[in-house]
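The residues making up each chain are set out below.
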Amino acid sequence: MLRDFVMTQKPEQEEIRSLLQIEREKLIANQLKVKDSKLPVMVIFEGWGSSGKGGVIGRVIKNIDPRFFKVRSMDTPTPEERRYPFMHRYFQYIPEAGRFVFFDRCWMEEVISQHMSGNLSKAEYRRRMRSITTTERSLTDNGYLVMKFFLHISKKTQHKRLEALQNDEQNRWRVDEDDLRENENYDEYLEAYGRYLTNTNSPSSPWYIIDATSRKWTELQVLQFLNQGIETALANSAYAHPILQNTFPLKRMPRLADVVLEGKQLDNDEYQERLDELQDELKQLHHEVYRLQIPVIIAYEGWDAAGKGGNIKRITSAMDCRGYEVHPIASPEPHEKARHFLWRFWTRLPKAGHIAIFDRTWYGRVMVERIEGFCTENDWKRAYNEMNEFERELNEWGAVIIKFWVQIDNKTQLERFTDRQETPEKQWKITDEDWRNREKWDAYEQAVDEMILKTSTTFAPWHILESNDKRYARIKALEIVIKALREAVEKVDEG
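Now for a quick tour of the structure. Per chain, the residues get numbers from 1 upward, laid out in the order the sequence is written. Local features are withheld for residues below a pLDDT of 70 in this predicted model, meaning they are given only at 70 or higher, and side-chain atom pairs are given and counted only at 80 or more; totals for whole chains, interfaces and linings count all residues. To get the side-chain values, all heavy atoms of the structure are used, and hydrogens and water are removed first.

### Some thoughts on the overall build of the protein
Working step 1: Secondary structure counts use DSSP, requiring at least four H or I residues in a row for a helix and at least two E residues in a row for a strand, with both numbered from the N terminus. A count of helical and extended segments in the protein gives 19 helices and 10 strands.
Working step 2: Dimensions along the principal axes, computed over C-alpha positions, put the protein at roughly 85 × 50 × 40 Å.
Working step 3: Across the protein, the fraction of contacts at a sequence separation of at least 24, relative to all contacts at a separation of at least 6, is 82%.
Working step 4: Approximately 24200 Å² of the protein is accessible, and the part contributed by carbon and sulfur atoms is 47%.
Working step 5: Mean positive and mean negative side-chain charge positions of the protein (75 and 81 charges, respectively) differ by 3 Å. Residue contacts follow a heavy-atom distance rule, with two residues in contact if any of their heavy atoms lie within 4.5 Å. Each accessible area is a Shrake-Rupley result for a 1.4 Å probe, and residues are judged covered by the shown protein chains and nothing else. The sign given to each residue is positive for Lys and Arg and negative for Asp and Glu; His and the chain ends receive no count. Charge positions are represented by NZ for Lys, CZ for Arg, CG for Asp and CD for Glu.

### As for the environment of lysine 264
Working step 1: Checked against the element boundaries, lysine 264 lands in the loop between α9 (215-235) and α10 (268-291).
Working step 2: Classification of residues uses two cut-offs on accessible area relative to the type maximum, computed with a 1.4 Å probe and protein chains only: under 20% is buried, over 50% is exposed, and between them is partly exposed. Overall, the relative accessible area of 24% leaves lysine 264 in the partly exposed class.
Working step 3: Once the C-alpha coordinates of lysine 264 and glutamate 450 are considered, the two residues, 186 residues apart in sequence, prove to be 25 Å apart.
Working step 4: Among all residues touching lysine 264, those that are not within four sequence positions of it are Glu466, Asp469 and Tyr472.
Working step 5: One polar contact links lysine 264 to glutamate 466, side chain to side chain, over a distance of 3.3 Å. Whenever a nitrogen or oxygen atom comes within 3.5 Å of another N or O atom, the pair is scored as a polar contact, on the condition that within protein one atom can donate a hydrogen and the other can accept it, and that pairs from neighbouring residues in sequence are kept only if both atoms are in side chains.

### As for the pairing of strand β1 (residues 41-47)
Working step 1: Counting buried residues in β1 gives 7 out of 7 residues, a clear majority hidden from the surface.
Working step 2: Burial of β1 is two-sided: the residues Val41, Val43, Phe45 and Gly47 facing one way and the residues Met42, Ile44 and Glu46 facing the other way are all buried.
Working step 3: For two strands to pair, DSSP has to find at least two bridges joining them. As judged from the 5 bridges shared by β1 and strand β3 (residues 100-104), these two strands associate in the parallel manner. By the bridge assignment for β3, valine 43 is matched with phenylalanine 102.
Working step 4: Pairing analysis gives 7 bridges linking β1 to strand β4 (residues 145-152), with the strands arranged parallel. Considered in β4, the bridge of phenylalanine 45 is made with phenylalanine 149.

### Section: the packing of helix α4 (residues 107-116) against helix α5 (residues 122-141)
Working step 1: Where α4 meets α5, the closest approach of the two axes is 11 Å, and the angle between their N-to-C directions is 175°. When the axes of α4 and α5 are compared, the pair comes out roughly antiparallel. Taking contact as the criterion, the partners of Trp107, Glu110, Val111, Gln114 and His115 in α4 are, on α5, Tyr125, Arg128, Met129, Ile132, Thr135 and Glu136.
Working step 2: Asp, Glu, Lys and Arg are counted as charged, while Ala, Val, Leu, Ile, Met, Phe, Trp, Tyr, Cys and Pro are counted as nonpolar; the rest, among them Gly, fall into the polar class. Residues belonging to the contact of α4 with α5 are distributed by class as follows: 5 nonpolar, 3 polar and 3 charged. Note on geometry: axes are C-alpha line fits, over the in-contact stretch for helices, and angles between N-to-C directions span 0 to 180 degrees. Between 65 and 115 degrees an angle is taken as roughly perpendicular, under 35 as roughly parallel, over 145 as roughly antiparallel, and anywhere else as oblique.

### Some details on a negative patch on the surface
Working step 1: To count toward a patch, a residue needs a relative accessible area over 30% and no salt bridge; like charges are then connected within 9 Å, while nonpolar side chains (Val, Leu, Ile, Met, Phe, Trp, Tyr) are connected within 5 Å. Salt bridges are defined by distance alone: a side-chain nitrogen of Lys or Arg within 4 Å of a carboxyl oxygen of Asp or Glu. A contiguous patch of negative charge on the surface is contributed by Asp267, Asp269, Glu270, Glu273, Asp276 and Asp280.
Working step 2: Of note, aspartate 269 is situated in helix α10.

### Examining unusual backbone geometry
Working step 1: In this structure, serine 50 is a non-glycine residue whose phi angle is positive, near 70°.
Working step 2: Along the chain, serine 50 turns up in the loop between β1 and α2 (53-60).
Working step 3: Phi is positive for glutamine 293, which is not a glycine, with a value near 60°.
Working step 4: Position of glutamine 293 relative to the elements: it lies in the loop between α10 and β6 (296-302).

### Quick look at the pairing of strand β8 (residues 355-359)
Working step 1: Of all 5 residues in β8, 4 are buried; the element is thus mostly enclosed.
Working step 2: Looking at chain direction, β6 and β8 are connected through 5 bridges and run parallel. In the strand pairing of β8, isoleucine 298 is matched with isoleucine 357.
Working step 3: Sheet topology places strand β7 (residues 324-328) next to β8; 5 bridges connect them, and they run parallel. Across the sheet, residue proline 328 finds its bridge partner in β8, namely aspartate 359.

### So, α2
Working step 1: Along α2, the positions that sit buried rather than exposed are Lys53, Val56, Ile57, Arg59 and Val60. Buried positions in α2, seen along its axis, are confined to an arc of 165° and lie on one side of it. Throughout, the arc means the angular range of directions from the helix axis out to the C-beta atoms.

### Concerning the sheet that holds β3
Whenever strands of a sheet pair, they do so through backbone hydrogen bonds, lying parallel or antiparallel.
Working step 1: Ordered in space as β2-β3-β1-β4-β5, the 5 strands form an open sheet in which the pairing is parallel. Both edges of this open sheet fall to β2 (69-73) and β5 (207-211), since each of them pairs with a single strand only. The mean inter-strand angle of the sheet, taken between neighbouring strand axes irrespective of direction, is 20°.

### Quick look at the pattern of salt bridges
Working step 1: Taken as a whole and judged by the stated rule, the model has 42 salt bridges.
Working step 2: Put simply, aspartate 379 and arginine 382 hold a salt bridge, and the shortest N to O gap is 3.3 Å. With aspartate 379 and arginine 382 both in helix α15 (residues 377-397) and 3 residues apart, the pair spans about one turn of that helix.
Working step 3: Accessibility expressed as a relative area gives 3% for arginine 382, which makes it buried.
Working step 4: Each of Arg24, Arg59 and Glu219 takes part in a single network of salt bridges with overlapping partners.

Below you can see the structure in the form of structure tokens.
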């Protein structure tokens, strides 16, 4: 793609100045349309060293109210950032609805740099490519405009610019070993950049190759494409996006109505004895998880009053409080609602060696948001695949993913609701919303059945906890967590 690129004929200077004024005024007007329509705009600048990425960003943002944009310069990941999934440090900076984020280098820079230095295996390179294309598609499907610019210059032009910077005492710091290596091995980098651009070029987030041989000409090309992209996105905002076929390997699961709850119970003595044994074992495993830097994600969903809180408490009681965090997930805050629905979960992921426990999860998209009409039908139908992709990303990072559905029957829920209503110290646990949701039991059961059917993958299966007897459910959860952690520890030790 890059090797065959033919530079557009550059206009005369007077024409460039005239066109620049037109495009600058367009962007000034378009920023207000972006704000009013709540369009999130993500603009990515990549390119050769010394191609002028920082300079063109600086000139473009002069046409935008500074309250409506942020600029992110993505340097080499720090040791702390490397303890998270590859996409974590990028996803946390995606823009809110109605705002711009400009990236001075993004995921392309990191992948190509590691690839060319030999620090990225072929298999990991392929995984990164899939992660990038999946993320970009998911962003655009969820209403984002993703604009990607590659600033292109010749080997001769790059060498001339690098030499000038090195001879300038004030700007010498801007040239590093990577820039010099890139120029010395220009043809090899040309091939790598071109292959990357081809692999990540798509109709929804295409690449725009910019002739960056002169400052004003570079700015004009970027502004023309950026304005065109904004206008197209605004015109197409009402269109639904394709729902991809779910091709993930799935584990066969029962419908909730077929889950046997009777007979799943423990007497108190048996419960206490087993609880002590399992918590002792989990305590030791927690140390091993930290030693081996294994990230763990435990996700809880279930009926109101099913016993999620008590279940979580029995697990965390066995852990070092410095090595885990529990995330109670409620309705999204305004700044969370203004971003991709997975953003608030990406930003809560554990780093390697730590454990994150979610009391309610990203699956709210296909339950409460679906049933209460908080998202469109196209949104929640696409979400099954998007959540499977999210969990695949975490699994390939090395995370242990354990998902629990805490199951009770309708009668048990009514008894627990009534007990909460009539017990003063428990009344804070029951709300009018709980009673309203109870009236929609059948609709929720249907949604949960579909959720479990479509998202119980082999790498992140659902586990159903029979919780008419809370003690039984707690012991079963501990056994499942211990088994999963033990297997992960053994796999790392053997590998």
